[in-house]
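Structure at a glance
One letter stands for each residue in the lines below.
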Amino acid sequence: MLTRRVFLGALATLAIPVPRRHWPSPLWRARSQVELAALRIDATRLRHTLESLSQFGRPANGSFADGVSRLAYSDADVQGRAYVLDLIKSVGLSPRLDPAGNILARRDGADASLPPIVFGSHIDSVPNGGNFDGDLGSLSAIEAVRLLNERKIATRHPLEVVVWANEEGVAFNNGLCGSRAVAGKLPPEELEHVYNGVKKTDAIRKIGGDPTRIPDARRSPGSFHCYVELHIEQGGTLEKTGIPIGVVEGIVAIDRYDAVIRGMANHAGTTPMPDRHDALIAAAQLTLAVREIVTSEPGRQVGTVGHLEVVPNAPNVIPGVVRHTIELRDLSASKLERLAQAVRDRARQIAAATGTTIDLTLASHHEAATASPVVQDAIEAAADHLRLAHQRLPSGAGHDAQSMAQLGPMAMIFVPSIGGISHSPRELTSWDDCARGANALLHAVLAADRMDVRS
Ligand code: HGY
Ligand code: MN
Ligand code: MN
């Protein structure tokens, strides 16, 4: 069991000598503390890889400032993954794909009997997304390994870089796909889903996965030492406080519902208003009801109707069918259930009042996750070593780290999002903050490597 005392004692080696009993291995003793402490990633190279990756999914005739649409399983995703695979090979690792299409690359440690430290993120985006969501954590992990290889620094634990498949879940309306497969939470029936006419099994094959062997992607609890993910905050807290490093305490639960509203398509000119069964009017009322219900009590909960389809979507036809999503998020699963029940109750009233039917089905549920206090301490010690201010905060965004939390200790590092903007071409983090986050990731991993869990 990783104890705070042992861990912080080991962390102290970053700055001050510690009793020999904490020094875990001769090899590690061979590296001077000063050398390890002085390690910094190459910020120019990190920026170059971020700018290079952003070409895949960029709008035609666009520039970096126009962001990306690199939806999971799209051609742009395949191209972006090919770039990342080449980059991983160029730093001296041999990447492999697991059956879910996750990209994994292992760096041997001095003690092969130890479980790996896993770190990375994702590179798929939302439509018209930004250049940093997922990309920063994925490319910083690769850059950290490149530096360790260049300096021939051996860690005790093996390291494993990961680039997760389909984190966003815009494709097939269910996210954290790759990491849920690793956590054993990608059920076979999900593989039958169809998105834009493509079956999920074919989409997984397209990125090099093997949908017939999804269970083989599963990892057992305790099969890794810890998981650390660097990510942009995607909110405005750090920018407001002027603090460069966020240490994530927990990640929200996310419930996504599919709403299907059926009214009656009819002529827009000849159907009197009182005689209409307008599915879009019902959807509009339900959308407003979601906001009213979610804001009816104090707290950080959020609710969003982000996707909506109207059938037949013609200017002179009363909408007969509307399909839309409802997404609810909060750290408390019981609060989510309470809010969802209020939405269901209101949907019944709206259906009766508009002469429509409203069916709500749960499309996906992602458990809330608590970060490991010990690994959070590692991140804080790394930030202190780098003389970077830090603060603890929750994550309103979902992350693959919440899948990994089901298997072992995880923690996340946030860096500021300018204007708190994300999931937009205007998503932006300063290059200096990108470098600060990558250095915090590097030193948090090195600190985690010094934990001697046997002492
Ligand atoms: O939707 C999210 O919270 C994350 O960006 N996938
Ligand atoms: Mn992300
Ligand atoms: Mn995202």
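Residues numbered from 1 in each chain as written. Chains lettered and ligands numbered in written order. Predicted model: local features only at pLDDT ≥ 70, side-chain atom pairs only at ≥ 80, totals over all residues. Heavy atoms only, no water.

This paragraph deals with the site of ligand 1. Ligand 1 sits among Asp133, Glu167, Glu168, Gln234, Arg329, Ala397, Gly398 and His423. One of the side-chain nitrogen or oxygen atoms of Glu168 is found 2.9 Å away from a nitrogen atom of ligand 1. Contact distances for ligand 1 include 2.6 Å between an oxygen atom and a side-chain N or O atom of Arg329. Protein contact buries 92% of the 220 Å² of open area that ligand 1 shows by itself. Class assignment for the residues of the shell around ligand 1 results in 1 nonpolar, 3 polar and 4 charged. (Near = heavy atom within 4 Å. Polar contact = N/O pair within 3.5 Å; in protein donor to acceptor, adjacent residues only side chain to side chain. Areas by Shrake-Rupley, 256 points an atom, 1.4 Å probe, with all protein chains shown as cover. Nonpolar A, V, L, I, M, F, W, Y, C, P; charged D, E, K, R; others polar.)

In this section: the coordination of the manganese ion (ligand 2). Within the protein, the atoms that donate to the manganese ion (ligand 2) are His122 (NE2), Asp133 (OD) and His231 (NE2), at distances of 2.1 to 2.3 Å. Site description for the manganese ion (ligand 2): donor spacing in sequence, H-x10-D-x97-H. Between the two metals, the manganese ion (ligand 2) and the manganese ion (ligand 3), the spacing is 3.5 Å, and Asp133 donates to both. Taken together, the residues span a long stretch of sequence, with Asp133 in the loop between strand E3 (117-122) and helix H6 (135-150) and His231 in strand E7 (residues 226-232) at a distance of 98 residues. (Donors = N, O, S within 2.8 Å, 3.2 Å for Na, K, Ca; no water. Helix = DSSP H or I, 4+ residues; strand = E, 2+ residues; numbered from the N terminus.)

Where empty space is left becomes clear once a probe the size of a water molecule has been rolled over the atoms. Of the pockets and cavities examined, the second largest pocket occupies roughly 230 Å³. Looking at the second largest pocket, it is lined by 15 residues, and the ones nearest its centre are Arg180, Lys185, His365, His366 and Glu367. If you list the elements that add at least two residues to the lining of the second largest pocket, you get strand E15 (357-366) and helix H13 (401-404). In terms of residue count, the dominant contributor to the lining of the second largest pocket is E15 (5 residues). Its residues assigned to classes, the lining of the second largest pocket shows 4 nonpolar, 7 polar and 4 charged. Split by domain, the lining of the second largest pocket shows at least three residues from each of two domains, domain 1 (11-252 + 368-449) and domain 2 (253-366). (1 Å grid on protein atoms, 1.4 Å probe; cavity = no way out; pocket = protein on both sides within 12 Å on 5 of 7 lines; lining within 4 Å. Points joined across faces, edges and corners; volume = space filled by probe spheres on them. Domains from an automatic or database assignment.)

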